[in-house]
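Each chain is listed here by its residues.
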Amino acid sequence: MAPNDQFDLGNWTFKVGGKQMGLYNFTRNMDDNANARKAVGEIGEDIACQFLERKGFKILERNYRKSWGEIDIVAEKAGVVRFVEVKAVSRESLPDISREMDYRPEEMVTLSKLKKVARTAALYMEGKRDKREFQIDVVGVVLHEGTRTARCRLIEQALEDNL
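All of the points below concern the structure found in this document. (Residues numbered from 1 in each chain as written. Predicted model: local features only at pLDDT ≥ 70, side-chain atom pairs only at ≥ 80, totals over all residues. Heavy atoms only, no water.)

1. A word on the packing of aromatic side chains
The tally for this structure, following the rule as stated, stands at three aromatic pairs. Seen from their ring centres, F83 and F134 are 5.6 Å apart, and the 90° between their planes marks the pair as edge-to-face. In this pair, F83 is assigned in strand β6 (residues 80–90) and F134 in strand β7 (residues 134–144), connecting sequence segments 51 residues apart. Across the pair, exposure class does not vary: F83 and F134 are buried alike. Joined through ring pairs, the aromatic side chains of Y64, F83, Y124 and F134 make up one cluster. (Phe/Tyr/Trp six-rings, centres within 6.5 Å; stacked < 30°, edge-to-face > 60°. Helix = DSSP H or I, 4+ residues; strand = E, 2+ residues; numbered from the N terminus. Buried < 20%, exposed > 50% of the residue type's maximum accessible area, 1.4 Å probe, protein only.)

2. Side note on the pairing of β7
Judged by how many residues are buried, β7 sits mostly within the fold: 11 of 11 residues are covered. The two faces of β7 match: F134, I136, V138, G140, V142 and H144 on one face and Q135, D137, V139, V141 and L143 on the other face are all buried. Examined bridge by bridge, β6 and β7 share 10 bridges and lie parallel to one another. Bridging across to β7, S90 finds its partner in L143. Where β7 lies against strand β8 (residues 149–155), seven bridges are found, and the strand directions are antiparallel. Its bridge partner being in β8, V138 is matched across the sheet by I155. What sits between the antiparallel neighbours β7 and β8 is a turn of four residues, in which R148 has the positive phi angle 55°. (Pairing = 2+ DSSP bridges.)

3. As for the pairing of β6
Along β6, 10 of the 11 residues are buried, which leaves the element largely enclosed by surrounding structure. Here strand β5 (residues 69–77) hands over to β6 after two residues, with A78 in that stretch at a positive phi of 55°.

4. Regarding the pattern of salt bridges
In total, this model carries five salt bridges according to the counting rule given. The partner of R82 in a salt bridge is D137, and the shortest N-O contact between them spans 2.7 Å. Here R82 is found in strand β6, whereas its partner D137 is found in strand β7, with 55 residues between them in sequence. Under the relative-accessibility criterion, R82 is labelled buried at 7%. Of the residues examined, D137 reaches a relative accessible area of 0% and is grouped as buried. Several salt bridges share partner residues, and in doing so they unite R82, D137 and E156 into one network. (Salt bridge = Lys/Arg side-chain N within 4 Å of Asp/Glu carboxyl O.)

5. Some details on the environment of Y64
Structurally, Y64 can be placed in strand β4 (residues 58–66). Separated by 57 residues in the primary sequence, Y64 and A121 place their C-alpha atoms 9.6 Å from one another.

6. Regarding the nonpolar core
Note on soluble globular proteins: their nonpolar side chains tend to be buried together. Formed by 19 residues in total, the largest nonpolar core has its most connected members in L52, I73, V139 and V141. Sorting the residues of this core by element identifies α1 (33–54), β5, β6, β7 and β8 as the ones contributing at least two each. Per element, the largest residue contribution to this core is seven residues, and it comes from α1. Once residues lying within four places of it in the same chain are set aside, the contact partners of V139 are A48, F51, L52, V84, E85, V86, K87, E106, R153 and L154. (Core = buried A, V, L, I, M, F, W, Y, C linked by side-chain atoms within 4.5 Å. Contact = heavy atoms within 4.5 Å.)

7. Considering helix α2 (residues 111–128)
Compared with an ideal rise of 1.5 Å per residue, which puts 18 residues at 26 Å, α2 spans 25 Å between its outermost C-alpha atoms and is within 8% of the ideal. Turning to α2, its buried residues number three or more, namely L114, V117, A118, T120, A121, Y124 and M125. On its buried face, α2 sits against β4, β5, β6 and β7. One or two residues past the end of α2 sits R129, with phi positive at roughly 55°. (Expected span 1.5 Å × (residues − 1).)

As structure tokens, this is what we get:
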């Protein structure tokens, strides 16, 4: 994956390696401070879905929630079920904007969180009676509200043994 896949979010135009890839209708208002964090998460998940689709993933389900855990995106690629945790942040919330290119929200997902996702994934697969292989992936999204762009990074197989 290119380290700086970039998306313009306004009618947020997706750009990967400088090439325009498609359009995303942006309708959420991020001006309300009370809902800004939730909005960043929702927008990040929307962007992550389109990012994954452009990388050949098929989105199967979003926001799978049970009392024991939650999975942001359930996807499939090449016969492998992917359980994707999305970590999104707004560039405007970063403490030192000059270091933004070094900031990787995907690396902020803890081992504890990954194990919880893996347990939820195993129960999901069991409930669906799905015997296929599965893995845990992470997508980091940095939103730039001012320019209405986002940068995405994918970490595949973020939890090697899945449990």
